[in-house]
Amino acid sequence: DVKVTQSSRYLVKRTGEKVFLECVQDMDHENMFWYRQDPGLGLRLIYFSYDVKMKEKGDIPEGYSVSREKKERFSLILESASTNQTSMYLCASVISGSYEQYFGPGTRLTVT
Amino acid sequence: LAKTTQPISMDSYEGQEVNITCSHNNIATNDYITWYQQFPSQGPRFIIQGYKTKVTNEVASLFIPADRKSSTLSLPRVSLSDTAVYYCLVGDMWDNDMRFGAGTRLTVKP
């Protein structure tokens, strides 16, 4: 069974703080994604990675960066958290050639 | 990017068949159609994927007409546990051309 884990289920940070969200998958998937989910907007793609040390911007990369130093781990970084980054953050992984993304449980981030 | 349109919400009763339609008028030749299910406090879960005609698995069927401008997810004999948000995705993921829509909230009543 594929497992995607995220470092925290709930996180509260202050405006201006640097925030790290970690995602780990255990199925040797090449591809990993970070989304944010907001009411009425569905899931929006922030960044994705097709391989170690490789990253591509999604639809809403502003204010975020990512790091993929190992195949199983994909980190999302909020350089200076702002209140409009309060959201649910979801990580996913998928094997190359498949459309079946496996999602983690999500991290609900609140920035005050 | 293929734009998708789904109903915001639907209600059904236990034991009924539920059909959720997604419109995607500008679907491209390389685009696939994928559906996900999401329960509260969980990440989305893959249900089914198709390109054309009909696809069936152990939980759902996906009907895609010849023009591929729409698709219908069919859930047979729903139960209370099928209450969730259902997302239609259309696009070519490997060309960075696939996006989630706003989803359809299905409520199954006893």
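Provided above is the structure to which this section pertains.
Note that this is a predicted model, so its numbers are computed, not measured. (Residues numbered from 1 in each chain as written. Chains lettered and ligands numbered in written order. Predicted model: local features only at pLDDT ≥ 70, side-chain atom pairs only at ≥ 80, totals over all residues. Heavy atoms only, no water.)

> Please clarify how the pattern of salt bridges should be interpreted in this entry.
When charged atoms on two side chains of opposite charge get close, those side chains can pair. Counted by the stated rule, this structure contains 7 salt bridges over all chains. As a salt-bridge pair, A:D38 and A:R36 come within 2.9 Å of each other at their nearest N and O atoms. The pair formed by A:D38 and A:R36 is uniform in burial state, with each residue classed as buried. B:D11 serves as the salt-bridge partner of B:K109, at 3.3 Å between the closest nitrogen and oxygen. Of the two residues, B:K109 is situated in strand β10 (residues 104–109) and B:D11 in strand β1 (residues 9–13); the sequence distance between them amounts to 98 residues. Looking at B:D11, the relative accessible area reads 52%, which means it is exposed. Through salt bridges with shared partners, one network takes in A:R36, A:D38 and A:R44. (Salt bridge = Lys/Arg side-chain N within 4 Å of Asp/Glu carboxyl O. Buried < 20%, exposed > 50% of the residue type's maximum accessible area, 1.4 Å probe, protein only. Helix = DSSP H or I, 4+ residues; strand = E, 2+ residues; numbered from the N terminus.)

> Looking at this structure, how should I read unusual backbone geometry?
Only a minority of non-glycine residues have a phi that is not negative, and only a minority of peptide bonds are not trans. Residue and element names in this part refer to chain B. The phi dihedral of T53 is positive, around 60°, even though this residue is not glycine. Secondary-structure assignment places T53 in strand β5 (residues 53–56). Of note, R68 is a non-glycine position whose phi angle comes to about 60°, a positive value. With respect to the helices and strands, the residue R68 is situated in the loop between β6 (61–64) and β7 (70–75).

> Can you help me understand the sheet that holds strand β7 (residues 64–70) of chain A in this one?
Two strands in a sheet stick together by hydrogen bonds in their backbones, pointing the same way (parallel) or opposite ways (antiparallel). Residue and element names in this part refer to chain A. Strand order across the open sheet formed by 4 strands is β1-β3-β8-β7, with antiparallel pairing between neighbours. Of all the strands in the sheet, just β1 (4–6) and β7 have a single pairing partner and so form its edges. Between one strand and the next, the sheet's axes are offset by a mean angle of 20°, whatever the strand orientation. Bridge count between β1 and strand β3 (residues 19–25): 3 bridges; the pairing is antiparallel. Looking across to β3, one finds that T5 is bridged to V24. (Pairing = 2+ DSSP bridges. Axes fitted to C-alpha atoms, helices over the stretch in contact; angles between N-to-C directions.)

> What should I look at first to understand the packing of aromatic side chains in this one?
Each aromatic ring pair is characterised by the separation of its centres together with the angle its planes make. Summed over the entire model, instances satisfying the criterion amount to 13 aromatic pairs over all chains. Plain terms: the ring middles of A:F33 and A:F48 are 6.0 Å apart, the flat faces sit at 25° to each other, and that makes the pair stacked. Of the two residues, A:F33 is situated in strand β4 (residues 31–38) and A:F48 in strand β5 (residues 42–49); the sequence distance between them amounts to 15 residues. Of the two residues, A:F33 and A:F48, both sit in the buried class. A centroid spacing of 6.0 Å and a plane angle of 80° characterise the contact between A:F103 and B:F100, whose relative ring orientation is edge-to-face. Separated into two different chains, A:F103 in strand β10 (residues 102–103) and B:F100 in strand β9 (residues 97–100) make up a pair that spans both. When sorted by exposure, A:F103 lands in the same class as B:F100, which is buried. Clustering of aromatic rings is evident, with ring pairs tying together A:F33, A:Y35, A:F48, A:Y50, A:F103, B:Y36, B:F46, B:Y87 and B:F100. (Phe/Tyr/Trp six-rings, centres within 6.5 Å; stacked < 30°, edge-to-face > 60°.)

> I would appreciate a short explanation of the interface of chain A and chain B in the present structure.
Many structure descriptions define interface size as the accessible area lost when the parts assemble. Counting from both sides, the interface comprises 26 residues of chain A and, opposite them, 22 residues of chain B. Summed over both partners, the interface of chain A with chain B buries about 1800 Å², with 56% contributed by carbon and sulfur atoms. Linking chain A with chain B are 0 salt bridges. At the surface where chain A touches chain B, the tally comes to 6 residue pairs in polar contact (both at pLDDT 80 or more). Counting only elements with at least two residues in the side of chain A that touches chain B, the list comes to β4, β5 and β9 (87–94) of chain A. Among the residues making up the side of chain A that touches chain B, the classes are represented as 13 nonpolar, 9 polar and 4 charged. (Contact = heavy atoms within 4.5 Å. Buried area = accessible area lost by both parts, 1.4 Å probe. Polar contact = N/O pair within 3.5 Å; in protein donor to acceptor, adjacent residues only side chain to side chain. Nonpolar A, V, L, I, M, F, W, Y, C, P; charged D, E, K, R; others polar.)

Scope: geometric values only; no functional claims are made or implied.
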